[in-house]
Amino acid sequence: MATAALWIAFAGCSQPSPTVNPVEPISLHAMQAMLADSQFSGLAAVMASWCPPCREELPVLAKFYDKYKDRGIRVLAISIDTDGASAVQPLINELKIPYPVFWVGTEAGRHYKIRGVPTLLVIRNGVIQQKIAGRLSYGAIEAIVQEILSAPADPNAV
């Protein structure tokens, strides 16, 4: 009896985290349309599950999602993993990422001319204003969000 209880307890430890926020596969065309919507202002993090700096930045972005989602700032992640949505889902589960995560694959990296991950796309009114490569600090992201909230969009940006 004790052996059975121990086996059940041990087996429970190896179970993956539950999926609360499913990674959604999306076409490049649909992603382009979403980001180009004039109602979209916010941050799109281009990331990959194998990227240590992405692992560090995703939870930081969750703080901005929670803080600004009611003020019209959107936060989402775009996975460029080659193995599909299932490659990034365990990371999203582990980090308990609350904002939408989409899998587009390497096609997104080519289209948005991503040279490394993470890369943050700063979008105001459907126009990509900046493309910032590398992991950013909380303070740097806060400054970007404040700029989105205060300045008009530059229609000729990136």
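Here is a short report on the structure shown in this document. Everything numeric in this text was worked out from a predicted model, so none of it was measured.

## Focus: the packing of helix 3 (residues 52-68) against helix 4 (residues 85-95)
When two helices pack together, their arrangement is given by the angle between the helix axes and the distance between those axes.
Stage number 1. Across the interface, helix 3 lies against helix 4 with an axial gap of 11 Å and an inter-helix angle of 50°. Accordingly, the angle class assigned to the pair helix 3 and helix 4 is oblique. Helix-helix and strand crossings are classified by hand; for helix 3 and helix 4 the assignment is right-handed. When helix 3 is examined against helix 4, the residues Arg55, Leu58 and Pro59 are found in contact with a partner set consisting of Leu91, Ile92, Glu94 and Leu95.
Stage number 2. Taken together, the residues of the contact of helix 3 with helix 4 sort by class into five nonpolar, no polar and two charged.

## Some thoughts on the nonpolar core
Stage number 1. Membership of the largest hydrophobic core comes to 52 residues, with the highest contact counts inside it found for Leu35, Leu43, Ile78, Tyr99, Tyr112 and Leu121.
Stage number 2. Per-element accounting of this core gives the leading share, eight residues, to helix 3.
Stage number 3. Discounting residues that sit within four places of it in the chain, tyrosine 112 has contacts with Leu28, Met31, Gln32, Leu35, Leu121, Ile128 and Lys131.

Conventions and cut-offs
- Residues numbered from 1 in each chain as written.
- Predicted model: local features only at pLDDT ≥ 70, side-chain atom pairs only at ≥ 80, totals over all residues.
- Heavy atoms only, no water.
- Axes fitted to C-alpha atoms, helices over the stretch in contact; angles between N-to-C directions.
- Helix = DSSP H or I, 4+ residues; strand = E, 2+ residues; numbered from the N terminus.
- Parallel < 35°, antiparallel > 145°, perpendicular 65-115°, else oblique.
- Left-handed = near helix turned anticlockwise from the far one by under 90°.
- Contact = heavy atoms within 4.5 Å.
- Nonpolar A, V, L, I, M, F, W, Y, C, P; charged D, E, K, R; others polar.
- Core = buried A, V, L, I, M, F, W, Y, C linked by side-chain atoms within 4.5 Å.
- Buried < 20%, exposed > 50% of the residue type's maximum accessible area, 1.4 Å probe, protein only.

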